[in-house]
Amino acid sequence: MDDGKIIEVEGLYKSFGEVKAVDDLTFCVKRGELFAFLGVNGAGKSTTINIISGILKKDLGRVTVCGSEVDANPAQIKSRLGIVFQNSVLDRRLSAYDNLKSRAAMYGIFGEDFNKRLKELCEMLELEEILKRPLFKLSGGQKRRIDIARAIVHGPELLILDEPTTGLDPKTRLTVWAVVEKLRKEKGLTVFLTTHYMEEAANADYVVILDGGKKAAEGTPHLLKNEYASDFIRFYSRTDEAEEILRAEGFPLKRERGFLEAELKGTRSATELILRHPQLFEDYEILKGNMDNVFLKVTGKDIKED
């Protein structure tokens with residue numbers, strides 16, 4: 001029994017020479033959830049993924065995937081997970097059909113079994129019109145759909161998405177996520193996500209933030225925002241008066257072209273401020289803290305600049 005946990009990592013260590021890539025890392029991923037694994041480049045994300053997927057050997061610790069120890073059953077675990085890499089591993093000279101057929105063959109899926117599976121993938125991912133086209137003639141979003149099809153052709157229980165939407169335009173990113181959510185809803189697929197887009201992390205069921213190979217924070221997006229992110233008030237009128245009053249009261253302030261922004265400790269402090277100084281609140285808005293604020297507060301780094 002795995003108690004609903006599809007991944008369990010306990011006391012994981014991995015070094016490359018003097019560099020500790022992963023340093024005493026512990027976390028778990030529950031079946032069916034969207035799990036976000038966040039960190040700047042070099043934080044230990046890729047190393048951890050490579051250990052989970054059996055590509056890389058750990059130094060110390062325990063890693064269990066789908067109820068099996070990674071070191072003991074690497075082939076079995078690889079058959080139960082799929083990976084969509086940041087950089088596509090499809091053969092751009094082959095058609096989408098040939099890419100999927102060759103991948104399926106690696107898992108012993110041939111003939112009528114492959115045709116049946118291909119039909120399911122076409123219906124799920126809307127691939128019919130692009131199957132016969134070579135990869136180099138497909139758009140970014142179309143290639144991503146083939147990447148996903150390749151990763152799930154064998155019906156895995158766990159899908160690892162490593163920066164799946166990096167470099168894609170906003171419309172294509174929405175298309176990719178529509179596909180992923182459809183898979184989660186219809187197939188009960190567990191998704192392990194790394195991303196630089198904090199709005200994607202905000203939709204996760206659970207988040208782990210890495211910094212320097214160590215776990216820096218974890219929790220649901222809601223709990224993380226409550227613990228680490230500040231709320232803000234933006235004043236669009238009476239900004240000079242607001243600045244004088246709020247500076248005297250010790251509020252952190254930022255003046256931008258057209259508005260004054262005050263950092264709050266929480267929504268309650270906004271209410272108290274409105275009651276104390278109602279004359280300031282003619283044209284304003286209250287902004288809730290987001291996952292970008294959380295990441296910056298936890299790591300001291302801006303993931304967008306990485």
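Parameters at a glance
- Residues numbered from 1 in each chain as written.
- Predicted model: local features only at pLDDT ≥ 70, side-chain atom pairs only at ≥ 80, totals over all residues.
- Heavy atoms only, no water.
- Buried < 20%, exposed > 50% of the residue type's maximum accessible area, 1.4 Å probe, protein only.
- Helix = DSSP H or I, 4+ residues; strand = E, 2+ residues; numbered from the N terminus.
- Contact = heavy atoms within 4.5 Å.
- Salt bridge = Lys/Arg side-chain N within 4 Å of Asp/Glu carboxyl O.
- Pairing = 2+ DSSP bridges.
- Axes fitted to C-alpha atoms, helices over the stretch in contact; angles between N-to-C directions.
- Patch = residues over 30% accessible without salt bridge, like charges linked within 9 Å, V, L, I, M, F, W, Y side chains within 5 Å.
- Areas by Shrake-Rupley, 256 points an atom, 1.4 Å probe, with all protein chains shown as cover.
- Lys, Arg positive; Asp, Glu negative; His and termini not counted.

Description of helix H9 (residues 239-248)
Then, in step 1: Burial in H9 covers these residues: Thr239, Ala242, Glu243, Ile245 and Leu246.
Then, in step 2: Summarising the contacts, the buried residues of H9 are in contact with strand E11 (231-235), strand E12 (253-256), strand E13 (259-264) and helix H10 (267-276).
Then, in step 3: Of the residues one or two after H9, Gly250 is the one with positive phi, at around 90°.

As for the pattern of salt bridges
Then, in step 1: Taken as a whole and assessed by the stated rule, the structure comprises 27 salt bridges.
Then, in step 2: Glu120 serves as the salt-bridge partner of Arg117, at 2.9 Å between the closest nitrogen and oxygen. Residue Arg117 and its partner Glu120 are both found in helix H4 (residues 111-125); the two are separated by 3 residues, about one turn of the helix.
Then, in step 3: What makes Arg117 buried here is its relative accessible area of 13%.
Then, in step 4: Residue classification places Glu120 among the partly exposed positions, given a relative accessible area of 31%.
Then, in step 5: Residues Lys215 and Glu218 are paired through a salt bridge, measuring 2.8 Å at the closest nitrogen-oxygen approach.
Then, in step 6: Under the relative-accessibility criterion, Lys215 is labelled partly exposed at 31%.
Then, in step 7: Accessibility expressed as a relative area gives 35% for Glu218, which makes it partly exposed.
Then, in step 8: In the salt-bridge network here, residues are joined through shared partners; they are Asp240, Glu243, Arg247 and Arg255.

Some remarks on the sheet that holds strand E7 (residues 158-162)
Then, in step 1: With mixed pairing, 6 strands are arranged side by side in an open sheet as E6-E7-E8-E3-E9-E10. Looking at the sheet topology across the chains shown, the edges are occupied by strand E6 (81-84) and strand E10 (214-219). Adjacent strand axes in the sheet meet at a mean angle of 15°, parallel and antiparallel pairs treated alike.
Then, in step 2: Lying over the sheet, helix H8 (residues 221-228) contacts strand E9 (206-211) and E10, oriented at roughly 110° with respect to E10.
Then, in step 3: Against the sheet, helix H11 (residues 291-299) makes contact with strand E3 (34-38), E9 and E10, and its axis sits at roughly 35° relative to E9, the strand it touches most.

Things to note about a nonpolar patch on the surface
Then, in step 1: Among the surface-exposed residues, Ile55, Phe85 and Val89 lie close enough to one another that they form a single nonpolar patch of about 250 Å² accessible area.
Then, in step 2: Along the polypeptide, Ile55 turns up in the loop between helix H1 (45-52) and strand E4 (60-65).
Then, in step 3: Classification of Ile55 by relative accessible area gives exposed; the value is 51%.

Considering the side chain of Arg145
Then, in step 1: Note that Arg145 resides in helix H5 (residues 140-152).
Then, in step 2: Lacking a salt bridge, the buried Arg145 has Glu126 as its closest oppositely charged neighbour, with an N-O distance of 4.5 Å.
Then, in step 3: Contact partners of Arg145, with chain neighbours within four places excluded, come to Leu125, Glu126, Leu127 and Val179.

Here we look at the sheet that holds strand E5 (residues 68-69)
Then, in step 1: Strand order across the open sheet formed by 4 strands is E2-E1-E4-E5, with antiparallel pairing between neighbours. With one partner strand each, in any of the chains shown, strand E2 (19-30) and E5 form the two edges of the open sheet.
Then, in step 2: As paired strands, E4 and E5 are joined by 2 bridges and run antiparallel to one another. From the neighbouring strand, Val65 faces E5, where its bridge partner is Ser68.
Then, in step 3: In the packing of H1 onto the sheet, contacts are made with strand E1 (5-16), E2 and E4, and the angle to E1 comes to roughly 120°.

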